[in-house]
Amino acid sequence: MSSVSTPFVAPLPAVPDHHLSIVVPMYNEVDNVVPFVTAVHEALANYAWPWELIIVNDGSRDGTQQALDAQAKLRGPHVRPVHLWRNFRQTAAMQAGIDAARGDVIVTLDGDLQNDPKDIPAIVAKLVNEDLDLVAGWRQNRQDGLFLRKVPSRIANRLIRKITGLEFQDLGCSLKAYRASVLKRVRLYGEMHRFIPAWMATVTSPARMSELAVSHHPRTQGESKYGISRTLRVVLDLMAVNFFLRFAGRPGHFFGGVGLGVGLIGSLILGYLGVLKMLGNNIGGRPLLWLGFFCVLGGLQFLTTGVLAELLIRIYYDRGEVAPYHTTEAPAQAPDQGWHRQAQGLSKSNLPHQP
């Protein structure tokens, strides 16, 4: 008598109760919409707790919007497309998804299927079971081009580790799991999605962050949105991150320190020239006189800038937040609606409270 064997499905890691929000920015990825949504559902087919999939269409013009809407209609309300008016770039798209997320755990990843959705349960389990605020993916076997992707990434990661003090191997990996209550205290602007761990270090301890080795696959459909030009943007953004990490609450110390240093150099130059003048030397035609004058003037300007920066930072902390994107209106949902749940074992009585 023959028997039909069924494929073995590895059990998912056991984790305490939570609501999971998966945030995915997409831009001109129409060919990846259906495969990606399918992969997420296959990866979370046996997931024990409620989850939602938020895919942010970052102003795509290739049919991505229509494909996402079709998947939402087919799969159910737990698939939630967010459509931005235009291409606001990845950081704003990610912030839009984070703002829309309702779960107490948020996972971000790219929608090009280079990140594997099968890693989501493991990275969430590490976050929740070890009571962390961030778990970052580490692409140990990265499937990208050497000179255009790997080499610039290695250089950028070394710079980031050196400046921020965060010992992450792969800060460029989009697959990360966050505790939502901590992540939502950080606002992302510009191109700052690469430095989310650094920004989170301003509101939580680096000791509450960790990383986990994850899978990485070569891109099979669509076109990469990254190029060698991003290296320059990383350097500029890193300068901004360094400033905010060290001087966000006290910009006057930064500008004041520079102003005092430049002003001191100018004062020493003018003092030296003053001594020469008293000894009978002609200093009127010396370029050093102009250098000393402009150093003193520049020092005063830096000090004034520091005072103005202190005033602005106080206004900044008192004002309301302004979102760096504009999105179309989405249907309102009650806190207990729009989640994907296992048919058995979950009811309203045993779901965690949502604020």
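Residues numbered from 1 in each chain as written. Predicted model: local features only at pLDDT ≥ 70, side-chain atom pairs only at ≥ 80, totals over all residues. Heavy atoms only, no water.

1. Section: the confidence of the model for the protein
Note the threshold: Per-residue confidence from the predictor is reported as pLDDT, a score between 0 and 100. Helix numbering and strand numbering both begin at the N terminus, where a helix is a DSSP run of H or I of at least 4 residues and a strand a DSSP run of E of at least 2. Note on contacts: a residue pair qualifies if any of its non-hydrogen atoms lie within 4.5 Å across the two residues.
When the pLDDT values of the protein are averaged, the result is 81; 79% of them are 70 or greater. Taken element by element, the predicted model of the protein shows its lowest mean pLDDT in helix H5 (residues 146–164) (64) and its highest in strand E2 (residues 51–57) (97). Segment residues 1–9: pLDDT under 50, and one contact once partners within four positions in sequence are set aside and those in other chains are kept. Considering only residues more than four positions removed or in separate chains, one finds that residues 344–355, a stretch of pLDDT under 50, has 18 contacts.

2. A look at the packing of helix H1 (residues 30–43) against helix H2 (residues 64–75)
Selection criterion: Simply put, an axis is a line fit to the C-alpha atoms, just over the touching stretch for a helix, and the angle between two N-to-C directions goes from 0 to 180 degrees. Any angle that falls under 35 degrees is termed roughly parallel, while one over 145 is termed roughly antiparallel, one within 65 to 115 roughly perpendicular, and all others oblique. Note: crossing handedness is left-handed where the near helix turns anticlockwise from the far helix by less than a right angle, and right-handed where it turns clockwise. Classification used: nonpolar for Ala, Val, Leu, Ile, Met, Phe, Trp, Tyr, Cys and Pro, charged for Asp, Glu, Lys and Arg, polar for all others including Gly.
Axis separation between H1 and H2 bottoms out at 8 Å; the angle between their running directions is 30°. On the basis of their axis angle, the class for H1 and H2 is roughly parallel. By crossing handedness, the relation of H1 to H2 is classed as right-handed. Along the contact surface, H1 presents Val 30, Val 33, Val 34, Val 37, Thr 38 and His 41, while H2 presents Thr 64, Ala 67, Leu 68, Gln 71 and Arg 75. For the contact of H1 with H2, the residue count by class is six nonpolar, four polar and one charged.

3. Examining a nonpolar patch on the surface
Short version of the rule: Each patch is built from residues that are more than 30% exposed by relative accessible area and take part in no salt bridge. Like charges join if they lie within 9 Å; nonpolar side chains (Val, Leu, Ile, Met, Phe, Trp, Tyr) join within 5 Å. Here the accessible surface of atoms and residues is derived via Shrake-Rupley with a 1.4 Å probe, and residues count as covered only by protein chains that are part of the display. Think of a salt bridge as a Lys or Arg side-chain nitrogen and an Asp or Glu carboxyl oxygen that are within 4 Å of each other. Each residue is placed in one exposure class: buried if its accessible area under a 1.4 Å probe, protein chains only, is under 20% of its type's maximum, exposed if it is over 50%, and partly exposed if it falls in between.
Residues Leu 270, Trp 290, Phe 293, Phe 294 and Leu 297 make up a contiguous nonpolar surface patch of roughly 510 Å² in combined accessible area. With four residues, helix H10 (residues 287–318) is the single largest residue contributor to the nonpolar patch. You can see Leu 270 is positioned in helix H9 (residues 251–278). A residue is classified by how much of its surface remains accessible, and Leu 270, at 31% relative accessible area, is partly exposed.

4. Overview of the pairing of strand E3 (residues 79–83)
The two faces of the sheet receive side chains in turn, since in a regular strand these alternate between them. Note the following rule: Two strands qualify as a pair provided DSSP detects at least 2 bridges between them. Handedness is read with the strands pointing away from the viewer; a crossover is right-handed when the path from the first strand over the helix to the second is clockwise.
Among the five residues that make up E3, four are buried, leaving the element largely enclosed by the rest of the structure. Here E2 pairs with E3 via five bridges, running parallel. Following the sheet pairing, Asn 57 is matched in E3 by His 83. A crossover links E2 with its parallel partner E3, the connecting element being H2, and its sense is right-handed.

5. Overview of the side chain of Thr 204
Heads up, the rule is: Counted as a polar contact is a pair of N or O atoms within 3.5 Å, where, for protein atoms, one must be capable of donating a hydrogen and the other of accepting one, and residues adjacent in sequence contribute only when both atoms are in side chains.
With respect to the helices and strands, the residue Thr 204 is situated in the loop between helix H7 (196–200) and strand E7 (209–214). Here Thr 204 falls in the buried class, since its relative accessible area comes to 13%. Engagement of the side chain of Thr 204 in a polar contact is seen with the side chain of Asp 133, the distance being 2.6 Å. Apart from residues lying up to four places away in sequence, Thr 204 is in contact with Asp 133, Val 182 and Met 209.

6. A look at helix H4 (residues 120–129)
Turn by turn, an α-helix covers 3.6 residues, leaving residues three or four places apart pointing in a common direction. In terms of burial, H4 is largely enclosed, as eight of its 10 residues are buried. Those residues of H4 that sit buried are Ile 120, Pro 121, Ile 123, Val 124, Ala 125, Lys 126, Leu 127 and Val 128. Of the surrounding secondary structure, the elements contacted by the buried residues of H4 are strand E1 (20–26), H1, strand E4 (105–108), strand E5 (134–139), strand E6 (176–179) and E7. Residue Asp 131 follows H4 closely and has a positive phi angle near 55°.

7. A closer look at the environment of Glu 29
Structurally, Glu 29 can be placed in the loop between E1 and H1. Overall, the relative accessible area of 6% leaves Glu 29 in the buried class. For the pair Glu 29 and Gln 65, spaced 36 residues apart in the sequence, the C-alpha separation amounts to 9.5 Å.

8. Digging into the packing of aromatic side chains
Applicable threshold: Classification of ring pairs uses Phe, Tyr and Trp, with its six-membered ring standing for Trp, and accepts pairs whose centres are within 6.5 Å; under 30 degrees between planes counts as stacked, over 60 as edge-to-face, and the remaining range as tilted.
With the rule as written, the count across this model stands at four aromatic pairs. Seen from their ring centres, Trp 290 and Phe 294 are 6.2 Å apart, and the 25° between their planes marks the pair as stacked. Linking Trp 290 with Phe 294, this pair stays in helix H10, spanning four residues, or about one helical turn. Of the residues examined, Trp 290 reaches a relative accessible area of 53% and is grouped as exposed.

9. Some thoughts on the sheet that holds E1
Reading across the sheet, the seven strands line up as E3-E2-E1-E4-E6-E5-E7 and stay open at both edges, with mixed pairing between neighbours. Edge strands, defined here as strands with exactly one partner in the open sheet, are E3 and E7. Geometrically, the sheet is characterised by an average inter-axis angle of 20° between neighbouring strands, direction not taken into account. Helix-sheet contacts for H2 involve E1, E2 and E3, and the interaxial angle to E3 is about 155°.

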